[in-house]
Amino acid sequence: MHEVVNDNQSPPKRPFIFYAIIALVVVMLLNALLFPTVMKQSVIEVGYDQFLDMIDSDQVKEVAYDESAGEFVFIAGESEDALGVYKTGIWPDDGQRLLQQLREHPDIKFSASIPTQANPLLSLIITWVLPILFFFLIGEVSYRWMRKRMNGQIPGGMGNAMSFGKSGAKIYVADEKTGVKFDDVAGQDEAKESLMEVVDFLHEPKKYAAIGAKLPKGVLLVGQPGTGKTLLAKAVAGEAGVPFFSISGSEFVEMFVGMGAAKVRDLFKQANEKAPCIVFIDEIDAIGQKRHAGEMGGNDEREQTLNQLLAEMDGFDGKKGVVLLAATNRPESLDPALLRPGRFDRRIPVELPDLQGRKSILLVHAKGVQMEGGINWDIIARATAGASGAELANIINEAALRAVREGRRSVTQEDLEESVETVIAGAQRKNAVILDQEKKIVAYHEIGHALVAAKQSNSAPVTKITIVPRTSGALGYTMQVDEGEHMLMSRKEILNKIATLTGGRSAEELVFGEDNMTTGASNDIEQATKLARALITRYGMTEEFDMVALETVQNQYLGADTSLACAADTASKIDERVVGIVKEAHEKARKILKENEAKLHELAACLLEKETMTGDEFMEVLNR
Ligand code: ADP
Ligand code: ZN
C-alpha cells in the first residue's frame, strides 16, 4: 500500500502550446522587421532608359537579372554612401542596348542575384537556423511535458520530493527517516530477524566490507497482500536510518515505451547517490514475470524494463549499501533470472499472522484509539483466523467508526466484534478466513502428520506445526527438519516418510469418519506416490525389480521429469507395487494414530487453541 503524495514541488505546468506560440511570434517579428526593409521599401523602380543612363554615368555597381520577375535588379548611387537597390521596368529592345552598355563598362559586376542589404549571415539564420531551433524547441518541450505527465503516476513515499535526473523527472522519496520501526510491525518475528541483518549492514557497511562479506543485494518479501511487506521494508529503512525509495512494479508497465527502462536507470542513479538506502519495489511480479521465448507480441516494454533492472542490479556495487527489497505474492511467476545469485537471492516469507500475531497487531493499532477498559483481545484475535494485518488494522478502524456513529467516546468490545463481522465475514470471506469446522479438520490433519512422524523412530522430529493458511495456498503446514546433514535416505526412512505423508488423511478418517475425508490431502498423496514410485524404479529397493533402472530422469534442471523405460507389462506391475507400498504405509499410520488416539485429541485441541506449535511444545504435550 502506498500513500500517494501530492506533487507539491513541481513547477506549474506550461502547456506546450505556450512555447509554440512564443516561437511563432519571434519568427513573425523577425520576418516583419527584416525582409520588408530589404526587399520592399528600399527598392526603387526606374525606367529602362534611366537605367541605361545610370550605367553611363558610372553610378551602377552591380547588376543581376531576376528571371522570375523578368526585370533587372541593380545597385547604384551617386556616391558610395548613397547606394540603393533599383529595378527596371519593361525593356523594349530585348536588352540589346543594355548589353552594349555593359560591355562598355566592364567594371560593373554581373552577378546571379543581387545581395540585399540584409546581412548574408542574418538571412542564413532566418532561413535555416531558426526553423531548426524551432523544431528542436518543440521536441524538447513536448518531451519534458510528457515526462512531467508521467511523473504524476509515480507513487509517493512521504515528504520530500527530490529532483530526479537530468530529464527533470522526479521520483518521490520518503523522508530521510520513514519513522517506522520494527516495533510498529507486530508479529512477523522470523521476517524481522532475517531483516535485522540488513539493518545491521546498512548501519555499518564498512564492517562488512572490511571482512569482504557481501550482503544480498536483493531481498524478496513473499506474502499475501496486507501482510505487512511494505511496512517491513519501511521499518528496515527506519531502523537503519536511511532513505527509503519506493516504486510499484505496475507503474513501470503503464508507461510509454522506453520510459520504464529509463525510470529504472534514474532510480538506481538516485539510489546510488543516496547510499546507503533502501529501494523498495512493490508488486515486482508486474515487471518480473517470466519471459517466454518465442512468444509473439510479448510485452516488449516490460521486458526492457526487466532487462534494465537486471543490468542495474548487476552493475551496482553491493558494498555501497544500496539494498533492494521487493514484494510479491506470486514468487513462482517471477523470471528465474531475477532470482539468481547476486540478485533477489534471499527470500523472506511474510505469512498471515497466527493467534498471538493477530493479538499483537490488534494491540499496535489500538494504541491510537480510545478503548474502553477491559477489552478481551483474545476473543477478537480468535475470531479473525486467516485475517491479514491490513484487515486487522481495518477492524480497529471500523470499530472506531461505529463508536463515533453511535455517539460514544470510546470503542467497546461489541464494536470490535461487530466490525469483525463486517470486515471478515462480509466482503472478505473469499480470502483465507477459515470456517471453524475447516480449522478443526486442518488441525487434526496436521497433528496426524506430526504424530505419525514422531512415533516412528527414524522420522525427523517436527519443528513447527501451524494451521495458519500459507502463501502457498496450504491451509496448514507441518515442518519437519532432518537432523544434521542428510543426503542419503534409507529404505526405512523412505517408508516412514510415506507413512507420515498419509498420516494427515489417516487422522481425518479416524476422527471424522471415512465419509468426511477432505481434499486437503491431495499434495500428500502426490508426494507419497512419487516417493513410492522412486523407491521401486529409481532406488532399486524392492525385491521384485531389484536394482534395475526402470525410469530415467529426463531433465535434471527442469523439474526432473521422469520417463518410464520398461515394457507396458512391467509398468502395470510397478503401478500395482506402488499402490501396495502406499497402502501399507497408510495402514501403518492409521495403526499409530489409533494407538495414540488420546494424544491425537489432546494435541489437536492444543493446536486449535494456539494455531502454531513449535516442535518443543509438541513434544512436551506428547510426553506429558
Ligand atoms: P503489503 O505490502 O504486504 O500488502 P502493507 O505493509 O501495505 O501490506 O500493510 C498494510 C497495512 O496493514 C499497514 O500499513 C499496517 O497498518 C497493517 N499491517 C499489516 N501487517 C502489520 C503488522 N504485522 N503489524 C502492524 N500493522 C500491520
Ligand atoms: Zn497433509
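Residues numbered from 1 in each chain as written. Chains lettered and ligands numbered in written order. Predicted model: local features only at pLDDT ≥ 70, side-chain atom pairs only at ≥ 80, totals over all residues. Heavy atoms only, no water.

Enquirer: What's the story with the site of ligand 1 in this structure? I'm lost.
Expert: What surrounds ligand 1 is a group of 17 residues, the closest being Ala-186, Gly-226, Lys-229, Thr-230 and His-365. Contacts to ligand 1 include Lys-229, whose side-chain N or O atom sits 2.8 Å from an oxygen atom. In this structure, an oxygen atom belonging to ligand 1 sits 2.9 Å away from a main-chain N or O atom of Leu-231. Burial of ligand 1 by the protein chains amounts to 87% of its free accessible area of 560 Å². Taken together, the elements giving at least two residues each to the shell around ligand 1 come down to α7 (229–240), α12 (355–366) and α14 (389–405). Considering every element that reaches the shell around ligand 1, the biggest residue donor is α7, with three residues. Looking at side-chain class alone, the shell around ligand 1 contains seven nonpolar, eight polar and two charged residues. Looking at which domains feed residues into the shell around ligand 1, each of domain 2 (170–290 + 301–349) and domain 3 (355–425) gives three or more. (Near = heavy atom within 4 Å. Polar contact = N/O pair within 3.5 Å; in protein donor to acceptor, adjacent residues only side chain to side chain. Areas by Shrake-Rupley, 256 points an atom, 1.4 Å probe, with all protein chains shown as cover. Helix = DSSP H or I, 4+ residues; strand = E, 2+ residues; numbered from the N terminus. Nonpolar A, V, L, I, M, F, W, Y, C, P; charged D, E, K, R; others polar. Domains from an automatic or database assignment.)

Enquirer: Would you take a moment to explain the sheet that holds strand β12 (residues 346–349) for this structure?
Expert: Strand pairs in the sheet, formed through backbone hydrogen bonds, run parallel or antiparallel to each other. Pairing is parallel across the open sheet formed by five strands, whose spatial order is β9-β10-β11-β8-β12. The sheet terminates laterally at β9 (244–248) and β12, the two strands that pair on one side only. When strand polarity is set aside, the average angle formed by the axes of neighbouring strands in this sheet is 20°. Pairing between strand β10 (residues 277–282) and strand β11 (residues 322–328): five bridges, direction parallel. (Pairing = 2+ DSSP bridges. Axes fitted to C-alpha atoms, helices over the stretch in contact; angles between N-to-C directions.)

Enquirer: What is the right way to read the coordination of the zinc ion (ligand 2) from this model?
Expert: Tetrahedral coordination by four donors places them ideally at 109.5 degrees to one another around the metal; octahedral coordination by six donors ideally gives 90 or 180 degrees. Taken together, the protein ligands of the zinc ion (ligand 2) are His-445 (NE2), His-449 (NE2), Asp-524 (OD) and Asp-524 (OD), with distances of 2.0 to 2.8 Å. Each of the four donor atoms bound to the zinc ion (ligand 2) contributes to angles spanning 51 to 144°, and the resulting shape is irregular. Expressed as a motif, the donor residue spacing for the zinc ion (ligand 2) is H-x3-H-x74-D. Placement of His-449 in helix α16 (residues 436–455) and of Asp-524 in helix α18 (residues 522–537) is noted, with a sequence separation of 75 residues between them. (Donors = N, O, S within 2.8 Å, 3.2 Å for Na, K, Ca; no water. Tetrahedral: all angles 85-135°; square planar, octahedral: opposite > 155°, others 65-115°.)

Enquirer: Where do I start with the sheet that holds strand β2 (residues 60–66) in this structure?
Expert: One open sheet holds the five strands; their spatial order is β1-β4-β3-β2-β5, and the pairing between them is mixed. The open sheet has two edge strands with one neighbour each: β1 (43–46) and β5 (109–111). Recorded for the sheet is a direction-independent mean angle of 25° between the axes of neighbouring strands.

Enquirer: Would you mind going over the confidence of the model for the protein chain with me for this structure?
Expert: Any residue range with low pLDDT should be treated as having predicted coordinates unsuitable for detailed reading. Averaged over the protein chain, the pLDDT score is 78; the fraction of residues at 70 or greater is 77%. With pLDDT under 50 throughout, residues 1–13 is counted as low confidence; its partners more than four residues away or in other chains account for 22 contacts. Throughout residues 36–41 the model reports pLDDT below 50, and contacts reaching past four residues in sequence, or to other chains, amount to nine contacts. (pLDDT = per-residue confidence, 0-100. Contact = heavy atoms within 4.5 Å.)

Enquirer: It is not clear to me how the side chain of Thr-305 should be interpreted in this structure. Could you clarify?
Expert: Of note, Thr-305 is situated in helix α11 (residues 300–315). Here Thr-305 falls in the buried class, since its relative accessible area comes to 0%. When near neighbours in sequence (up to four residues on either side) are disregarded, Thr-305 contacts Phe-252, Gly-260, Ala-261, Val-264 and Ile-287. (Buried < 20%, exposed > 50% of the residue type's maximum accessible area, 1.4 Å probe, protein only.)

Enquirer: Help me understand the nonpolar core in this model?
Expert: Counting 40 residues, the largest nonpolar core has Ile-447, Ile-498, Leu-603 and Phe-618 as its most contacted members. Among the elements of the structure, α16, β13 (462–466), α17 (491–512), α18, α19 (568–595), α20 (597–610) and α21 (615–622) are those that each provide at least two residues to this core. A per-element tally of this core places α16 first, with eight residues. Those residues in contact with Leu-603 that lie beyond four places of it in its chain are Ile-447, Leu-451, Met-613, Phe-618, Val-621 and Leu-622. (Core = buried A, V, L, I, M, F, W, Y, C linked by side-chain atoms within 4.5 Å.)

Enquirer: I would appreciate a short explanation of the pattern of salt bridges in the present structure.
Expert: According to the stated counting rule, one finds 23 salt bridges in the structure shown. Arg-330 is paired through a salt bridge with Asp-285; the nearest N and O atoms lie 2.9 Å apart. Note that Arg-330 is positioned in the loop between β11 and β12 and Asp-285 in helix α10 (residues 285–288), a separation of 45 residues in sequence. Between Glu-609 and Arg-382 there is a salt bridge, with the nearest N and O atoms lying 3.4 Å from each other. (Salt bridge = Lys/Arg side-chain N within 4 Å of Asp/Glu carboxyl O.)

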